[in-house]
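# Structural overview
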Amino acid sequence: MAREALRKKAVSTGEKGIMKVRGGVIALFLAPATLFYTVLVIYPLVYNFYLSFLRIRAVEGTIVEQWVGLRHFERIFFDDPVFIQAAGNSLTWAVASALIEIPVGVLLAIVLSRLKFLVRFFRTAWFMPVLLSYVLLGQLWSWIYRGDIGLLNALLRAIGLGSLAQPWLGQTSTALGALIVVTAWHWVGFTMVLCLAAVSSIPSELDDAARIDGATGWRLTWDITLPLIRNTIATATILVFIGRMKIFDLVWVATRGGPLGATETVGTYIVQRAFFFGTLDQGYAAALSTVWFVAIMVVSVVLNRMLWSPERYEY
Amino acid sequence: MSTPKNPTGDLGGLTRRESLRLLGTGAMATLGGGVLALHDPAPAATPVPQQTAAATAAPKVVGPASITFWSMWASEPGKRKFVDDTIAAYQTAHPGIKITVTWYEKAPLNQALTTAFMAGSGAPDMFYEDVITYNQFIDSGWMADLKGKLDENQFPLEGFEVSMRRPGKVYGVPLEGIISTVWYNAKIFRDMGITVPDSRQMTQKEFETVMDQVKAKGLIPLAGGAADTAWGGFHGSSFIMRVAGKDKFSGLLDKRTTWSDPDVVQGLRLAKSWFEKGYFNDTIQTLKATEAYQLFFQRKTAMIYVGSFLLSNATNPPDKGGAPTDFEFGVMMFPSVDGGKGNRLIGNRTGGMYSVYSKSKYIDICADFLNFMGRPEGAVAWMQYTNVPTWLKAPAGAKVHPMLTEQLKLLETYERQNPELTNRLFNNEGAAFNKWVGSGMFDKSVTVEQMVKELTDARRRDA
């Protein structure tokens, strides 16, 4: 018995030793990525949060930080009409984009899954815009939307709809909508690819079984395909929402938030505040970042709860 | 032989608890190490070196030195040539001193400078500065006071100090002068029988009659580009300056004048009226200022109201955005307005200047370089390379572009005043001015009353 206990103890000690070595090796391999993530993500996040409570000035070449508590946050919510407008624009953008990109992306995915010819061509063509950078898009669409020599107005005039030609990015009533169209055109291919992967993973036996039961066309899509890719649609919706709530570069290149703040987003306002307000008080800009970070997190959690289905289908 | 039973279960020999513990330890260790490594304890306050009494002789320059220099004008070949040639000549005369220049456009330069200054490292020894940020940089103590180090025979420092509103201090070399005039196409005017008075200034009625005539001919009377809200703001502030006069106009900057002052409101109304009468291009809301130049060079518009830097663009080769070689320029004053207290004012301000970092090790060498740049030959070279005025003193009779000569004559006739409010108003008030005057001036839905209300509210929020 004692011998058996000794043997078990020896085995256990040896195994624990192996585990320690193995654990050390794992930690060693994880360390660079963890360090990277900590330095480039966690530390700036925490530091930004800290800056939110400060008023920053430079006095005789030295940075002076003054603790102001919640004053920045109070101003953001109760005395900053620019933030309210920017937040409204960002949320409008997110909602409108979700309403456009998700149905169109899903539809394209379903069409592609049923298409019998030129599948690769259409998949590539519809995905291509995703590869373009927002800077390029901003320049490109600024020219397309130009009032005088823009391609869109030229097309409208060519087909006898010249009365609809207007400076799309130059008036408050159309500027935001024009940019929403740009991002929808840009990202719908991504949603399509996500949903296409999900649709492709549905076994064909389910379709066959449904057909046997008399389901055709639209009923197949609505009752079989869509429920089975619901979680993918949820993921895509959350990604679209987060992406549009953060948007900055397209606006910066195309309109800089104008005209009259009609396309100002929280992203552009933060940069304006940090670098172009003629003050060095980055505390306020940090507070704006903090508020919006929390807002995006809350929206993500809410959307996740609303859209994600806990059901697991086994097939 | 049987496979040894994994004694602890999943994850390659580690339980989930052990794996998480390991990851957490690793993360805490790296976080702690990272924080310790990166945390910069609050730097001890470094007092700005006190300036000694002014010395009349140029300071002695001691090398070796490697000086970093950040400049705007990345896409302006004339100004780049001036700076490059000056550096080359200085380095030849001062072996052991090397000056490395990095070229930027304006917005990225200001961001880079702000970031470097606030970080306390990586800032250049010398840098371009202008009205957008020099006030905050001076107030923050990042610009060296060069009083006593610059050759006061060569730089008109009194006027410059007034321009920068820092009596007794000199924070840079005023290299580029900007004179704001109305540029017109002399051939269009001649063909239409329009003559400019000898005083080079029309009344508002005469000017609007000219614009009506031009409009009737199917041309755009006045080109503008309000996508750069700076230009839109300049248009608004020029009218305010005309109506309100020098003192009240300056009062907007130090808050002595309210936005609801009747003269200010009248100035905004007159500015808005030109838009409402259709005197500008339809694309004004989306066009950048430099794109508006093209309307002028392509003869689609008879006039454009901008600073003297237009000539620098105009003299580029046509395939690089310049005017056709047979283009006939003319300049005149912004028109006078009825009862205006500022009708004799000509818009004049410092454009680009070069400054020295207050914490540079080479302040004296930089000042010596700037003296070298500002010598009479430098002034002439600047005007000949760039066709832009300079505050540097050029010898009489220097051969420069005839249009530059015409502008300089106007400076001798009229009283100088910085016409800008854009970039001299800061924080919420500055942003509101750019938005509601710079952009809102050219939006039909925005009224002057709304502009005044928004500007007043913005000033309250800054208080």
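Thresholds applied
Residues numbered from 1 in each chain as written. Chains lettered and ligands numbered in written order. Predicted model: local features only at pLDDT ≥ 70, side-chain atom pairs only at ≥ 80, totals over all residues. Helix = DSSP H or I, 4+ residues; strand = E, 2+ residues; numbered from the N terminus. Buried ≥ 20, exposed ≤ 12 C-beta atoms within 10 Å, placed from the backbone. Contact = placed C-beta atoms within 7 Å. Pairing = 2+ DSSP bridges. Right-handed = clockwise from strand over helix to strand, strands pointing away. pLDDT = per-residue confidence, 0-100. Domains from an automatic or database assignment. Nonpolar A, V, L, I, M, F, W, Y, C, P; charged D, E, K, R; others polar. Core = buried A, V, L, I, M, F, W, Y, C linked by C-beta atoms within 7 Å. Axes fitted to C-alpha atoms, helices over the stretch in contact; angles between N-to-C directions. Parallel < 35°, antiparallel > 145°, perpendicular 65-115°, else oblique. Left-handed = near helix turned anticlockwise from the far one by under 90°.

### Focus on the overall build of chain B
Along its length, chain B carries 16 helices and 11 strands. Counting over 463 residues, chain B shows a buried share of 48%. By sequence separation, contacts in chain B at least 24 residues apart represent 77% of the contacts at least 6 residues apart.

### Concerning helix α12 (residues 363–373) of chain B
Among the 11 residues that make up α12(B), nine are buried, leaving the element largely enclosed by the rest of the structure. All buried positions along α12(B) are accounted for by B:I363, B:I365, B:C366, B:A367, B:D368, B:F369, B:L370, B:N371 and B:M373.

### Brief notes about the pairing of strand β2 (residues 97–103) of chain B
Residue and element names in this part refer to chain B. Sheet topology note: the strand β1 (residues 65–71)/β2 ladder contains seven bridges and is parallel. Its bridge partner being in β2, S71 is matched across the sheet by W103. In this view, the connection linking β1 to its parallel neighbour β2 by way of helix α2 (residues 77–93) has right-handed handedness.

### Quick look at the confidence of the model for chain A
Low-pLDDT stretches of the model should not have their predicted coordinates read in fine detail. Across chain A, pLDDT averages 89, with 94% of residues at or above 70. No element of chain A has a lower mean pLDDT than helix α8 (residues 204–212) of chain A, which averages 78, and none a higher one than helix α2 (residues 71–78) of chain A, which averages 95.

### Re the environment of A:Y50
Relative to the helices and strands, A:Y50 is located in helix α1 (residues 2–51). For A:Y50 and A:W67, which are 17 residues apart along the polypeptide, the C-alpha to C-alpha distance reads 9.8 Å.

### Some remarks on the domain arrangement of chain B
All names here are of chain B. Assigned domains of chain B: these are domain 1 (65–176 + 351–393) and domain 2 (178–348 + 418–462). Spacing between the C-alpha centres of domain 1 and domain 2 amounts to 29 Å. With 11 residues of domain 1 in contact, the opposing surface of domain 2 contributes 11 residues. Here the side of domain 1 that touches domain 2 is built from residues that sort into four nonpolar, five polar and two charged.

### Topic: the nonpolar core
Formed by 165 residues in total, the largest nonpolar core has its most connected members in A:L179, A:C195, B:W183, B:L222, B:I304 and B:C366. A:L54, A:F83, A:V266 and A:W292 belong to the second-largest nonpolar core, a separate cluster that totals 17 residues.

### Overview of the sheet that holds β2(B)
All names here are of chain B. One open sheet accounts for five strands, arranged β2-β1-β3-β10-β4; its pairing is mixed. Two strands bound the open sheet, and with one partner strand each, they are β2 and β4 (173–174). Here strand β3 (residues 126–129) pairs with strand β10 (residues 353–356) via four bridges, running antiparallel. Bridge pairing in β10 places Y128 opposite Y354. This element, α2, spans β1 and β2 of the sheet and lies at about 165 degrees to β2. This element, α12, spans β1, β2, β3, β4 and β10 of the sheet and lies at about 160 degrees to β10.

### What to know about the packing of helix α8 (residues 229–251) of chain B against helix α9 (residues 262–276) of chain B
How two helices sit against one another is set out by the angle between their axes and by the gap between those axes. All names here are of chain B. Look at α8 against α9: their axes get within 7 Å of each other, and the N-to-C directions meet at 150 degrees. Between α8 and α9, the interaxial angle falls into the category roughly antiparallel. Of the two elements, α8 crosses α9, and the hand of that crossing is right-handed. Contact residues: H235, G236, F239, I240, R242, V243, A244 and K248 in α8; D263, V264, Q266, G267, L268, L270 and A271 in α9. When the residues that make up the contact of α8 with α9 are grouped by side-chain class, the tally is eight nonpolar, four polar and three charged.

### Remarks on the pairing of β10(B)
Residue and element names in this part refer to chain B. Neither face of β10 is exposed, since M353 and S355 on one face and Y354 and V356 on the opposite face are all buried. Note that β4 and β10 share two bridges and pair antiparallel. By the bridge assignment, P174 is partnered in β10 with M353.

### Notes on the environment of B:K277
Relative to the assigned elements, B:K277 resides in the loop between α9 and α10 (289–297). Separated by 66 residues in sequence, B:K277 and B:M211 place their C-alpha atoms 9.8 Å apart.

### Some points on unusual backbone geometry
Residue A:P259 is bonded to the preceding A:G258 through a cis peptide linkage, with omega at -5 degrees. The residue A:P259 is located in the loop between α11 (249–254) and α12 (266–275) in this model. Positive phi, close to 70 degrees, is recorded for B:K255, a residue that is not glycine. Taking the number of C-beta atoms within 10 Å as the measure of exposure, B:K255 has 11 and is therefore exposed.

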